[in-house]
Amino acid sequence: MNVAFVGVGAMGLPMARLVRRHHPLTVFDLDADRVAQLVAEGARAAASASAAAQGADAVIVMVATPAQLKEALFGDDGVHAGLAAGTTVIIMSSVGIEAAVEAGRRLSALGAHVVDAPVTGGVVRAVTGELTALVGADPDALAAALPLLHLMAAKVAHCGHRIGDGQAVKLVNQLLCSVHLAAAAEGLQFAHRLGLDPAKVLAAIESGAAASFMLSDRGPRMLAAEQLPALSAIDIFVKDSSLVLAAAREAGAVTPLTEQANKIFSLASREGLGRSDDSSVIRVFEKER
């Protein structure tokens, strides 16, 4: 299968590596250094998203925001310009329901088979191929995408037959992740203010009733002596929690905890931490004492 991969950021790069081990891969990203890493491993670079899509049996898109998705797919040199009818397009970005539905509508009109498949699990699981893919797609489109999804995800959850169903479940996931991440930072800062060693507190509680992936994964990064390279940036959680709140308003859902988490991430971004690792949100709590 000839595969195009558009967007090889912190998550997309390890995902693309897993696909390249099994299929010919053409890659496009604005970051030439990331593309060069994959080329050195056997992938082919494309000059644009449209060029990447030419001749592809499947196109995987893994960008960060709804605006980036729109540009990658429908910009002047977007995927649409190189897309052949019958191509499977897998949208693995977390962009919210509205953006995915609109993209699906336009791609379907071009004859593409569209799969809405945002993922969860973070960079650690992207590297190992142990992500969870949350899929909204009709059965035929899903069947065409499954061989590729199984290369990147240990679990493929079919959330519904409509484009946007995967995004909807991802919003629930991101609501919980946003709150858990903010709570982990608050809790470890609380331990410090109590005069405890936060690292010892983390080791004591992370397998108990307070356990969460965010606590175990981000906790050590929150406590690191030096600033670590960003695996997932603060601004990603600004974006994701904002998408949750927009969908909640539309649905009439009550989300006070997410509203507070969004304020915390937004404050961190305004204080210059937007591109820093999301574990650095703990600095907001440290400053507020």
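Rules used in this analysis
Residues numbered from 1 in each chain as written. Predicted model: local features only at pLDDT ≥ 70, side-chain atom pairs only at ≥ 80, totals over all residues. Heavy atoms only, no water. Phe/Tyr/Trp six-rings, centres within 6.5 Å; stacked < 30°, edge-to-face > 60°. Lys NZ or Arg CZ within 6 Å of the ring centre and 35° of its normal. Axes fitted to C-alpha atoms, helices over the stretch in contact; angles between N-to-C directions. Helix = DSSP H or I, 4+ residues; strand = E, 2+ residues; numbered from the N terminus. Parallel < 35°, antiparallel > 145°, perpendicular 65-115°, else oblique. Left-handed = near helix turned anticlockwise from the far one by under 90°. Contact = heavy atoms within 4.5 Å. Nonpolar A, V, L, I, M, F, W, Y, C, P; charged D, E, K, R; others polar. Polar contact = N/O pair within 3.5 Å; in protein donor to acceptor, adjacent residues only side chain to side chain.

Draft legend 1. The packing of aromatic side chains, seen in detail. Summed over the entire model, instances satisfying the criterion amount to one aromatic pair. We note R106 situated over the ring of F74; from NZ or CZ to the ring centre the distance is 3.9 Å.

Draft legend 2. Spotlight on the packing of helix α8 (residues 165-193) against helix α10 (residues 213-222). Between α8 and α10, the least distance of the axes is 9 Å, while the angle of their chain directions is 45 degrees. Relative to α10, the element α8 is oriented oblique. As α8 runs across α10, the sense of the crossing is right-handed. On α10, the residues touching C177, H180, L181, A184, A185 and L188 of α8 are M214, L215, R218, G219 and M222. Looking at the contact of α8 with α10 residue by residue, the class counts come to eight nonpolar, two polar and one charged.

Draft legend 3. Structural detail: the side chain of T87. Here T87 is to be found in the loop between α4 (66-74) and β5 (88-91). A distance of 2.7 Å separates the side chain of T87 from the backbone oxygen of A84, its partner in a polar contact. In this structure T87 touches A56, D57, A58, V59, G111, A112 and H113, once residues within four positions along its chain are discounted.

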